[in-house]
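Fold and geometry: a report
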Amino acid sequence: MDIIHIKDLEIWANHGVFPEENALGQKFVVCADLYTSIRRAGLEDALEHSIDYGAVSKRIKRFMEENTCMLIESVAEKMAACLLQEYPIRKLRLEIKKPWAPVGLPLDTVSVEIERGWHRSFIALGSNMGNSRANLDFAVRELSSTPGCRVKQVSHYMVTKPFGVTDQPDFLNGVLEMDTLLDPHELLYLLNSIEAEAGRERIIHWGPRTLDLDILFYDDLVMDSEDLNIPHIGIAQRDFVLAPMNEIAPGFVHPVYRKTIQDLLMELKER
């Protein structure tokens, strides 16, 4: 991925823990690395296919001036989210320097540096209580309207037989692809909140539910924690996940099995 560098942009702004910092202001120095593709811009010599670094620099300055935070950590997080959502940037490395930091010792500068970006995720949708289609549509709308989330594709909804506990109504299932700025646990919290808003109660494992939202994949991440496993466990054995995902991303490679979704679905059908 190509990079546009903005180095040592000086800005006078009001951020700091101490009241006088917020009242009087001080100098900050910002560096930003913008990860994007500039090949077409270079080949066609056309700014509309790149990122206007002058506009980004002015946006950084305006953001610093219009907001007041106690911590430069907070400034960095909020500014990164702002830039990623307003410009065609896939990933961003941002450093905010505070050369006049009131530490009472001689130093050149204090700074924080963060790297943030969009993550490709796939979310499974399921419902077999109430109006299942309305429940899945509700989840798609909620995710589409959440800052830091961009729903890109949604599969058709498919009627499937229940898995695990079979003495219950058929499910309506689907899969959506979404870019998100949230980390995996933040995304899990968001999905659980949407489930709760739709009236889900966790009473019977694999039992009937108004709305079920699961993280299937998050980039090519492999993680195993107490409350979250990515990729979702059992994907290769569940046609109600593989079939709708095969509709929107057949070539996606499972980071553990190293096989495409299409291949996993074919293998499942052959068993």
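To be clear, the structure that these remarks concern was listed above.
First, a word on what this report is: a plain description of the structure on this page.

Calculation notes
Residues numbered from 1 in each chain as written. Predicted model: local features only at pLDDT ≥ 70, side-chain atom pairs only at ≥ 80, totals over all residues. Heavy atoms only, no water. Helix = DSSP H or I, 4+ residues; strand = E, 2+ residues; numbered from the N terminus. Buried < 20%, exposed > 50% of the residue type's maximum accessible area, 1.4 Å probe, protein only. Areas by Shrake-Rupley, 256 points an atom, 1.4 Å probe, with all protein chains shown as cover. Lys, Arg positive; Asp, Glu negative; His and termini not counted. Charge placed at Lys NZ, Arg CZ, Asp CG, Glu CD. Phe/Tyr/Trp six-rings, centres within 6.5 Å; stacked < 30°, edge-to-face > 60°. Lys NZ or Arg CZ within 6 Å of the ring centre and 35° of its normal. Patch = residues over 30% accessible without salt bridge, like charges linked within 9 Å, V, L, I, M, F, W, Y side chains within 5 Å. Salt bridge = Lys/Arg side-chain N within 4 Å of Asp/Glu carboxyl O.

What follows covers the overall build of the protein chain. Regarding its fold elements, the protein chain presents eight helices and eleven strands. For the protein chain, the spread of C-alpha atoms along the three principal axes comes to 70 × 50 × 30 Å. Within the protein chain, buried positions represent 47% of all 271 residues. Just so you have it, the protein chain exposes about 14600 Å², and 52% of that area is on carbon and sulfur atoms. Measuring between centres, the 29 positive side-chain charges of the protein chain sit 3 Å from its 42 negative side-chain charges.

Here a ring pair, both rings aromatic, is described through the centre-centre distance and the interplanar angle of the planes. Inspection of the entire model under this criterion finds four aromatic pairs. A network of ring pairs unites the aromatic residues Phe122, Phe217 and Phe252 as a single cluster. We note lysine 91 situated over the ring of tyrosine 35; from NZ or CZ to the ring centre the distance is 4.4 Å.

What follows covers a nonpolar patch on the surface. A cluster of nonpolar side chains, Val17, Phe18, Met70 and Leu71, forms an exposed patch at the surface whose accessible area comes to about 370 Å². Looking at the secondary structure, you find methionine 70 in the loop between α3 (53-66) and α4 (72-86).

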